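Okay, here's what each chain looks like letter by letter:
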Amino acid sequence: MQRELRAGHLAAGLTMLIWGTTFISTKVLLRQLSPVEILFLRFLLGYLALWLICPRRLRGVSGRQNAVFALAGLTGICLYYLLENVALTFTLASNVGVIISVAPFFTALLAHWVFRGAEPLRPRFFAGFAAAMAGVCLLSFSGGPLKASPAGDLLALAAALVWACYSLLTRVIGGYGFGAVQVTRRVFFFGLLFMLPTLPFSHFDLRPALLAEPQILLNLLFLGLGASALCFVTWNFAVRVLGPVRTSAYIYAVPVVTLAASALLLHETITPAALAGTALTLTGLFLSESGDKAPKKGAIPHGTD
């Protein structure tokens, strides 16, 4: 049991380290590709890679289970990444990385309302939520060299809410007992299926010469193979072992990784107001997750590890 828990924590940490830099790759690709083009190619690469890793079909899936897979594909693949990619066209990668980190709040709220036996939400949680939201507002309206857009920041906030829905769906899927790779591949399939209707309206027109450019190809491979095929497997494994709320707490590391990477690689100017907003958001996140008692047996944990 302890060995599996350690593996779960390691998987969650690795996932956040890679996901913290995906905003940078996406921002680079958005210079020449549309949000939907990036999204579709990224998960198509991931889907094909998962077939190569595990070519066995997922058998014994009921209609109800398939519906849950479809909802997971809609929320965690199609809607979340579409919102995130569009947000990056309006605001900075560092802003999106910080705002996405509020997903654990939404996960805890949804877990409290949806699953019976979850730990009650204490005043400390709501105090932390207020502090984090104040930090998000400071980021959005800090102005100056940031040139950030409140519209982009609101889209990132919506993405965090959608990701919370996906996290709870993966908890349900984890109880089915299927293999992590096959589960991830099935979710990718539905995510790609939901993207198809958007392609005719997104000017989807990829030129082979464009994809052959090293910068575009390498960033797509990183997003498709590393951040999608690998990280969704490790994330789903971590959610199954640790639970959705505890795993979501690792999202706290995303702003730190994204801020450092955006300053180093994209040369984004991080103003004192942006740093203050980031610090306030992270303080609120840690405040809400600290000091809780161990959850009851059968409850969904939402404390720190």
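Everything discussed here concerns the structure shown above.
On a predicted model such as this, the values are computed, not experimentally measured, just so you know.

Rules behind the numbers
- Residues numbered from 1 in each chain as written.
- Predicted model: local features only at pLDDT ≥ 70, side-chain atom pairs only at ≥ 80, totals over all residues.
- Heavy atoms only, no water.
- Helix = DSSP H or I, 4+ residues; strand = E, 2+ residues; numbered from the N terminus.
- Buried < 20%, exposed > 50% of the residue type's maximum accessible area, 1.4 Å probe, protein only.
- Contact = heavy atoms within 4.5 Å.
- Areas by Shrake-Rupley, 256 points an atom, 1.4 Å probe, with all protein chains shown as cover.
- Phe/Tyr/Trp six-rings, centres within 6.5 Å; stacked < 30°, edge-to-face > 60°.
- Lys NZ or Arg CZ within 6 Å of the ring centre and 35° of its normal.
- Salt bridge = Lys/Arg side-chain N within 4 Å of Asp/Glu carboxyl O.
- Core = buried A, V, L, I, M, F, W, Y, C linked by side-chain atoms within 4.5 Å.
- Expected span 1.5 Å × (residues − 1).
- Patch = residues over 30% accessible without salt bridge, like charges linked within 9 Å, V, L, I, M, F, W, Y side chains within 5 Å.
- Axes fitted to C-alpha atoms, helices over the stretch in contact; angles between N-to-C directions.
- Parallel < 35°, antiparallel > 145°, perpendicular 65-115°, else oblique.
- Left-handed = near helix turned anticlockwise from the far one by under 90°.
- 1 Å grid on protein atoms, 1.4 Å probe; cavity = no way out; pocket = protein on both sides within 12 Å on 5 of 7 lines; lining within 4 Å.
- Points joined across faces, edges and corners; volume = space filled by probe spheres on them.
- Nonpolar A, V, L, I, M, F, W, Y, C, P; charged D, E, K, R; others polar.
- Polar contact = N/O pair within 3.5 Å; in protein donor to acceptor, adjacent residues only side chain to side chain.
- Bend = angle between axes of the 7 residues up to and from the residue.

## Considerations on the overall build of the protein
Then, number 1: Across its full length, the protein holds 13 helices and 0 strands.
Then, number 2: Put simply, the protein runs from its N terminus to its C terminus through helices and strands in the order α-α-α-α-α-α-α-α-α-α-α-α-α.
Then, number 3: For the protein, buried positions account for 56% of its 305 residues.
Then, number 4: For the protein, long-range pairs separated by at least 24 residues make up 88% of all intrachain contacts whose partners lie at least 6 apart in sequence.
Then, number 5: For the protein, the exposed surface amounts to about 13,300 Å²; the carbon and sulfur share of it is 68%.

## Here we look at the packing of aromatic side chains
Then, number 1: Counted under the stated rule, the structure contains 20 aromatic pairs.
Then, number 2: Between the aromatic rings of Tyr47 and Phe189, the centroid separation amounts to 6.4 Å while the plane-to-plane angle is 35°, which identifies the pairing as tilted. You can see Tyr47 sitting in helix 2 (residues 35-53) and its partner Phe189 sitting in helix 8 (residues 180-195), a full 142 residues away along the chain.
Then, number 3: Between Trp163 and Tyr166 the ring centres are 4.8 Å apart and the planes differ by 45°, which places this aromatic pair in the tilted class. Pair noted here: Trp163 and Tyr166 are both in helix 7 (residues 150-174), with a separation of 3 residues, about one helical turn. Each of the two residues, Trp163 as well as Tyr166, counts as buried.
Then, number 4: The rings of Trp19, Phe43, Tyr80, Tyr81, Trp163, Tyr166, Phe188, Phe232 and Trp235 are connected pair by pair, giving a single aromatic cluster.
Then, number 5: Above the plane of the ring of Trp51 lies Arg185, whose end atom (NZ or CZ) is 3.7 Å from the centre.
Then, number 6: Just above the ring of Phe69 sits the side chain of Arg186; from NZ or CZ to the centre is 5.9 Å.

## Looking at the pattern of salt bridges
Then, number 1: Inspection of the entire model under this criterion finds 1 salt bridge.
Then, number 2: Notably, a salt bridge pairs Glu4 with Arg240, separated by 3.6 Å at the nearest N-O pair. In this pair, Glu4 is assigned in helix 1 (residues 2-29) and Arg240 in helix 10 (residues 214-242), connecting sequence segments 236 residues apart.

## What about the nonpolar core?
Then, number 1: Judged by nonpolar contacts, the single largest core of 86 residues is most densely connected at Trp19, Phe43, Val102, Trp163 and Phe232.
Then, number 2: Looking at this core, the element that brings in the most residues is helix 7, giving 11 residues.
Then, number 3: In contact with Phe232, not counting residues within four places along its chain, are Trp19, Phe43, Gly76, Ile77, Tyr81, Trp163, Tyr166, Thr184, Phe188 and Ala227.

## So, helix 8
Then, number 1: End to end, helix 8 covers 23 Å across 16 residues, agreeing with the expected 22 Å (1.5 Å per residue, within 8%).
Then, number 2: Within helix 8, 12 of the 16 residues are buried, which leaves the element mostly enclosed by the surrounding structure.
Then, number 3: All buried positions along helix 8 are accounted for by Val181, Gln182, Val183, Thr184, Arg185, Arg186, Val187, Phe188, Phe190, Gly191, Leu192 and Met195.
Then, number 4: Turning to helix 8, the residues buried within the fold contact helix 2, helix 3 (63-90), helix 7 and helix 10.

## Focus: a nonpolar patch on the surface
Then, number 1: Together, Leu217, Leu218, Leu221 and Leu225 make up an exposed nonpolar region whose accessible area comes to about 330 Å².
Then, number 2: Relative to the helices and strands, Leu221 is located in helix 10.
Then, number 3: Overall, Leu221 belongs to the partly exposed group, its relative accessible area being 32%.

## With respect to the packing of helix 1 against helix 4 (residues 93-100)
Then, number 1: Direction vectors running N to C along helix 1 and helix 4 enclose 140°, while the axes themselves pass 9 Å from each other. It follows from the interaxial angle that helix 1 and helix 4 lie oblique. The element helix 1 and its partner helix 4 pack so that their crossing is right-handed. Residues Phe23, Ile24 and Lys27 of helix 1 lie in contact with helix 4, whose contacting residues are Ala93, Val96, Gly97 and Ile100.

## Some points on empty space enclosed by the protein
Then, number 1: A full pass over the atoms with the stated rule returns 2 cavities of 30 Å³ or more.
Then, number 2: Of the voids in this model, the largest cavity is the one considered here, and its volume is about 120 Å³.
Then, number 3: Lining the largest cavity are Met16, Trp19, Thr22, Phe23, Tyr80, Tyr81, Glu84, Ile100, Ala103, Trp163, Ile251 and Val254.
Then, number 4: No other element matches helix 1, which puts 4 residues into the lining of the largest cavity.
Then, number 5: Each residue belonging to the lining of the largest cavity can be placed in one class, and the counts come to 10 nonpolar, 1 polar and 1 charged.

## Thoughts on the side chain of Thr15
Then, number 1: Among the structural elements, Thr15 can be located in helix 1.
Then, number 2: Of the residues examined, Thr15 reaches a relative accessible area of 0% and is grouped as buried.
Then, number 3: For Thr15, the side chain forms a polar contact with the main-chain oxygen of Ala11, separated by 2.7 Å.

## What about helix 10?
Then, number 1: Of all the bends in helix 10, the largest measures some 40° and sits at Cys231.
Then, number 2: Positive phi shows up at Gly243, right after helix 10, with a value of about 95°.

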